[in-house]
Amino acid sequence: MQPAAAKWYDRRDSVFIEFCVEDSKDVQVKFDKSKFVFSCFSGTDNIKNQNTVDLFGEIDPKESKHRRTDRSVLCCLRKAEAGKSWPRLTKDKTKCNWLSVDFNNWKDWEDDSDEDLSSFDKFSEMMNSMGGDDLPDLDGAEDEHDSADSDDEKMPDLE
């Protein structure tokens, strides 16, 4: 058994953690007020992954969710006290070798306006739209690729 690699980022009302496990099976996520447990089997070798995280702050277990994809499991932990920044994910200041900050999604939310949808609402919308049965029809995609484009003109020879 080994911990799964994960990336996390903080938002005003939620904390997001993405466990990077491909082809996960038997995914189990248990949310408690001050910790959560993630476990699954991953890959073709059915490697058992398990992570137990004592959280920096408290969460609302009933409002926290997770979503499995073929490449990862994304968890949205709803903060018990929205608007409070988490400087780290874990209660202890020790470095976890399996955990890193997701700088692609990190932003300084303290300067954001409240006019936008909350990230939790956006996450909920994303979860609802990720159904596998309503994929777009791509039958005409090849035809569009073959069409002439104004910037596809022949380049002059180099001298």
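In what follows, the structure referred to is the one given above.
This text gives an overview of the structure that appears in the document. (Residues numbered from 1 in each chain as written. Predicted model: local features only at pLDDT ≥ 70, side-chain atom pairs only at ≥ 80, totals over all residues. Heavy atoms only, no water.)

## Structural notes on the sheet that holds strand β4 (residues 35-42)
In space, the 3 strands of this open sheet follow the order β3-β4-β5, with antiparallel pairing throughout. Where the open sheet ends on each side, the last strands, each with one partner, are β3 (25-31) and β5 (47-54). The mean inter-strand angle of the sheet, taken between neighbouring strand axes irrespective of direction, is 5°. In this sheet, β4 lies alongside β3 in antiparallel orientation, the contact comprising 5 bridges. Bridging from a neighbouring strand, V29 pairs with F38 of β4. (Pairing = 2+ DSSP bridges. Helix = DSSP H or I, 4+ residues; strand = E, 2+ residues; numbered from the N terminus. Axes fitted to C-alpha atoms, helices over the stretch in contact; angles between N-to-C directions.)

## Considering the packing of aromatic side chains
What the rule picks out here adds up to 5 aromatic pairs. With a centroid separation of 6.1 Å and an interplanar angle of 70°, the aromatic rings of F19 and F36 are classed as edge-to-face. On the criterion of sequence distance, the pair formed by F19 in strand β2 (residues 14-19) and F36 in strand β4 is long-range, its members being 17 residues apart. Take F19 and F36: they sit in the same class, and that class is buried. Taken together, the aromatic side chains of F19, F31, F36 and F38 make up a single cluster linked through ring pairs. (Phe/Tyr/Trp six-rings, centres within 6.5 Å; stacked < 30°, edge-to-face > 60°. Buried < 20%, exposed > 50% of the residue type's maximum accessible area, 1.4 Å probe, protein only.)

## Some words on the pattern of salt bridges
Summed over all chains, the structure comprises 3 salt bridges. We note a salt bridge from D10 to K79, for which the minimum N-O separation is 2.6 Å. With D10 in strand β1 (residues 6-10) and K79 in the loop between β7 (73-78) and β8 (99-101), this pair connects stretches of sequence that are 69 residues apart. In this structure K79 comes out as buried when scored by relative accessible area, which is 4%. A salt bridge links R68 to D70; the shortest N-O distance between them is 3.8 Å. Taking relative accessible area as the criterion, D70 reaches 55% and is therefore assigned exposed. (Salt bridge = Lys/Arg side-chain N within 4 Å of Asp/Glu carboxyl O.)

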